[in-house]
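Summary of the model geometry
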Amino acid sequence: MTDWTNAIMFGVMLVAFTLGLSSIIMGFLSPATGSKGMQEKIEYGFFGVSGLVVCLMLGYGLA
């Protein structure tokens, strides 16, 4: 049964990594300017770093 748990954790880890990396990339590609643009970049950066941290935590849990 632990194989199922590891497989699910690995799947969630891949999803978190993909969403985190794509959020960081979207933060750099945001076309908005001014305070609205800075707010979007900070939000994308926060979600990106959060996704990568979740990925690292799940990777540590698998090890």
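Residues numbered from 1 in each chain as written. Predicted model: local features only at pLDDT ≥ 70, side-chain atom pairs only at ≥ 80, totals over all residues. Heavy atoms only, no water.

A word on the overall build of the protein chain
Let me state the cut-off plainly: Secondary structure counts use DSSP, requiring at least four H or I residues in a row for a helix and at least two E residues in a row for a strand, with both numbered from the N terminus. All radius of gyration figures rest on C-alpha atoms, and the globule criterion is 2.2 Å times the number of residues raised to 0.38. Only protein chains enter the accessibility calculation, which uses a 1.4 Å probe; a residue whose area is less than 20% of its type maximum is buried, one above 50% is exposed, and one in between is partly exposed. We call two residues contacting when some pair of their heavy atoms lies within 4.5 Å.
Secondary structure assignment for the protein chain yields 2 helices and 0 strands. Expected size for 63 residues packed as a compact globule is a radius of gyration near 11 Å; at 15 Å, the protein chain overshoots this value by more than 25%. Seen along its three principal axes, the alpha-carbon backbone of the protein chain occupies a region of about 50 × 15 × 10 Å. Considering the protein chain as a whole, with its 63 residues, one finds that 17% of them fall into the buried category. Of all intrachain contacts in the protein chain linking residues separated by at least 6 positions in sequence, the fraction that spans at least 24 positions is 77%.

Quick look at a nonpolar patch on the surface
Note the following rule: Patch membership requires over 30% relative accessible area and the absence of a salt bridge. Like charges are linked within 9 Å, and nonpolar side chains (Val, Leu, Ile, Met, Phe, Trp, Tyr) within 5 Å. Residue-level accessible areas treat just the shown protein chains as cover; the underlying method is Shrake-Rupley with a 1.4 Å probe. Salt-bridge detection follows one rule: a side-chain nitrogen of Lys or Arg within 4 Å of a carboxyl oxygen of Asp or Glu.
Together, Phe 17, Leu 21, Ile 25, Phe 28 and Leu 29 give the surface a local cluster of nonpolar side chains, amounting to about 550 Å² of exposed area. If you trace the backbone, Leu 29 turns up in helix α1 (residues 2-29). Take Leu 29: its relative accessible area is 64%, and that puts it in the exposed class.

Structural notes on the environment of Lys 41
Position of Lys 41 relative to the elements: it lies in helix α2 (residues 34-62). Note on Lys 41: relative accessible area 36%, which makes it partly exposed. As for Lys 41 and Ser 23, which are separated by 18 residues in sequence, their C-alpha atoms are 9.3 Å apart. Sequence-distant contacts of Lys 41, that is, excluding residues within four places in its chain, are made with Gly 27 and Ser 30.

A short note on the environment of Ile 8
Position of Ile 8 relative to the elements: it lies in helix α1. Take Ile 8: its relative accessible area is 55%, and that puts it in the exposed class. Taking the C-alpha atoms as reference, Ile 8 lies 14 Å from Ala 63; in sequence the two are 55 residues apart.

Spatial relationships are all this shows, so hold off on functional conclusions.
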